[in-house]
Amino acid sequence: MTQLNVIAKIVPRSEHFEEARSAICDIVDRTRAEAGCIEFRLSEDPQSGTLHLYEEWRDEAALAEHHAKSYTSSVFKAYESWLAEEPEILHLRPVG
C-alpha cells in the first residue's frame, strides 16, 4: 500500500461560497467512514473566499472509490456551476 495525501484549494464564486462549504461539510462524516479514508478535513479562508481540503487515503484505489460515491460525484457536479476557477489539487506521498 502507498498512502496518498491530497490537498485541494477550491475557489467558489462568492455567491456560491456558503453552498459549496455546506455541500462539502455534508459529506465529511460519510467520507471519514469510508474504509480507505485516513483523514478528511475542510478548512476555509473567508477573507479570500477559498476552501481547502486536506485528505489522507490508504492508496490511489481508495481515493478512486471515494470519487465514485454518489455523494462525492454530486458535489463535483455542483462545482461545474459554483466554482470561479478549476480547483488546485496536489497528490502527495508522505516521506519517512
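Draft legend 1. Quick look at the overall build of the protein. Check the secondary structure of the protein and you find 3 helices and 4 strands. When the helices and strands of the protein are read in sequence order from the N terminus, they spell out β-α-β-β-α-α-β. The C-alpha atoms of the protein give 13 Å as radius of gyration, which agrees with the globular expectation for 96 residues (12 Å, within 12%). Referenced to the eigenvectors of the C-alpha coordinate spread, the extents of the protein come out at roughly 40 × 30 × 20 Å. A buried classification covers 39% of the 96 residues belonging to the protein. Long-range contacts, defined here as pairs at least 24 residues apart, represent 69% of the contacts in the protein between residues at least 6 apart. When the accessible surface of the protein is summed, it comes to about 5800 Å², and 50% of that surface belongs to carbon and sulfur atoms.

Draft legend 2. Structural context of the pattern of salt bridges. Enumeration over the complete set of coordinates arrives at 6 salt bridges. In this structure, the salt-bridge partner of Arg21 is Glu44, at a minimum N-O distance of 2.8 Å. Taken together, the positions of Arg21 in helix α1 (residues 17–32) and Glu44 in strand β2 (residues 37–45) put the pair 23 residues apart, joining distant regions of the chain. Classification of Glu44 by relative accessible area gives partly exposed; the value is 36%.

Draft legend 3. Focus on the side chain of Asp59. Mapped onto the secondary structure, Asp59 falls in the loop between β3 (50–57) and α2 (60–68). Polar side-chain contacts of Asp59 include one of 3.5 Å to the side chain of Arg58.

Here is what the cut-offs are and how they apply
- Residues numbered from 1 in each chain as written.
- Predicted model: local features only at pLDDT ≥ 70, side-chain atom pairs only at ≥ 80, totals over all residues.
- Heavy atoms only, no water.
- Helix = DSSP H or I, 4+ residues; strand = E, 2+ residues; numbered from the N terminus.
- Rg over C-alpha atoms; globule rule 2.2 N^0.38 Å.
- Buried < 20%, exposed > 50% of the residue type's maximum accessible area, 1.4 Å probe, protein only.
- Contact = heavy atoms within 4.5 Å.
- Areas by Shrake-Rupley, 256 points an atom, 1.4 Å probe, with all protein chains shown as cover.
- Salt bridge = Lys/Arg side-chain N within 4 Å of Asp/Glu carboxyl O.
- Polar contact = N/O pair within 3.5 Å; in protein donor to acceptor, adjacent residues only side chain to side chain.

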